Amino acid sequence: MKRRHFLGVLGAGSLAGLLPGLAAARPKPDLTRAEGLETLELSEAEWRERLSEEEFEVLREEGTEPAFSSPLDKETREGEYRCAGCDLLLFTSAMKYDSGTGWPSFFEHVEGHLLTSVDYFLVFPRTEYHCARCGGHQGHVFDDGPEPTGLRWCNNGIALSFHPA
C-alpha cells in the first residue's frame with residue numbers, strides 16, 4: 001500500500017487528531033544549563049579530528065547505535081558516565097539500571113548537564129536530550145522508567161565514556 005493511500009484510508013482528520021495525543025504523551029523535563037557551565041563550540045573539522053567516525057555520527061549527526069552493541073549497557077561497576085565529546089559528567093552508576101532495551105539507561109541525570117529538544121525523526125515527536133556543554137546527542141527520554149522519577153534516559157553507549165570509581 002502506498003503512503004498516500006494509507007493516509008487516505010486514515011483520513012486527514014484521523015491523522016491530525018492522533019499527532020497532538022502523541023505530542024502530549026512524551027515526557028517534557030524542564031531542564032536548564034548549570035550556572036557557569038560554558039559551552040564548547042567546535043567546527044565540523046575539529047569534531048571529526050576529536051571523535052571516531054561512529055562517535056561523530058551519534059554525537060554530531062544524531063545517529064543511533066545498534067541495540068545491545070555497547071559494552072556500557074552491561075557495565076555494573078561504580079563510576080561516572082561522561083559525554084564522549086567533551087567529558088562532562090552526565091550520569092553516575094547510582095543512576096543506572098538495566099532497562100532490557102539494549103542501551104545504557106538511567107532513571108536520573110546530573111542536574112544542569114543535559115538539555116532537551118523535540119525530535120520528529122520518526123514522524124511523531126520524541127524528547128531528545130543532549131550534552132549541555134557541547135550539544136552532543138546522547139539519546140531520548142521516555143516515561144517508562146523506574147521510581148523515583150519514572151523516566152528512562154536511554155543513552156547511546158558510544159556517546160559516553162565510563163570512568164570507574
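Just above, that's the structure.
Predicted model only: the values in this text are computed from it and were never measured.

Caption draft 1: Seen up close, helix α4 (residues 53-61). Taken as a whole, α4 has its buried residues at Phe56, Val58 and Leu59. In this structure, the buried side of α4 is in contact with α3 (44-50), β1 (79-83) and β7 (137-142). Of the residues one or two after α4, Glu62 is the one with positive phi, at around 60°.

Caption draft 2: Broad picture of the nonpolar core. Within the largest apolar cluster, 30 residues are counted, with the highest numbers of intra-cluster contacts made by Phe91 and Trp153. Those residues in contact with Phe91 that sit more than four places away from it in its chain are Glu80, Tyr81, Phe106, Glu108, His109, Val110, Leu114, Tyr129, Trp153, Asn155 and Leu160.

Caption draft 3: Main features of the sheet that holds β1. Strands sit in the order β2-β1-β9 across an open sheet of three strands; the sheet is antiparallel. The sheet terminates laterally at β2 (89-92) and β9 (160-164), the two strands that pair on one side only. Each strand of the sheet is rotated relative to its neighbour by a mean of 30°, with strand direction disregarded.

Caption draft 4: Seen up close, the packing of aromatic side chains. Summed over the entire model, instances satisfying the criterion amount to five aromatic pairs. Here the aromatic rings of Tyr81 and Phe162 are separated by 4.8 Å at their centres, their planes lie at 50°, and the arrangement is tilted. With Tyr81 in strand β1 and Phe162 in strand β9, the pair connects residues that are 81 residues apart, well separated along the chain. A ring pair is formed by Phe91 and Tyr129, whose centres lie 6.5 Å apart and whose planes are at 80°; its orientation type is edge-to-face. Here the residue Phe91 occupies a position in strand β2, and Tyr129 occupies one in strand β6 (residues 126-131), the gap between them amounting to 38 residues.

Parameters and conventions
Residues numbered from 1 in each chain as written. Predicted model: local features only at pLDDT ≥ 70, side-chain atom pairs only at ≥ 80, totals over all residues. Heavy atoms only, no water. Buried < 20%, exposed > 50% of the residue type's maximum accessible area, 1.4 Å probe, protein only. Helix = DSSP H or I, 4+ residues; strand = E, 2+ residues; numbered from the N terminus. Contact = heavy atoms within 4.5 Å. Core = buried A, V, L, I, M, F, W, Y, C linked by side-chain atoms within 4.5 Å. Pairing = 2+ DSSP bridges. Axes fitted to C-alpha atoms, helices over the stretch in contact; angles between N-to-C directions. Phe/Tyr/Trp six-rings, centres within 6.5 Å; stacked < 30°, edge-to-face > 60°.

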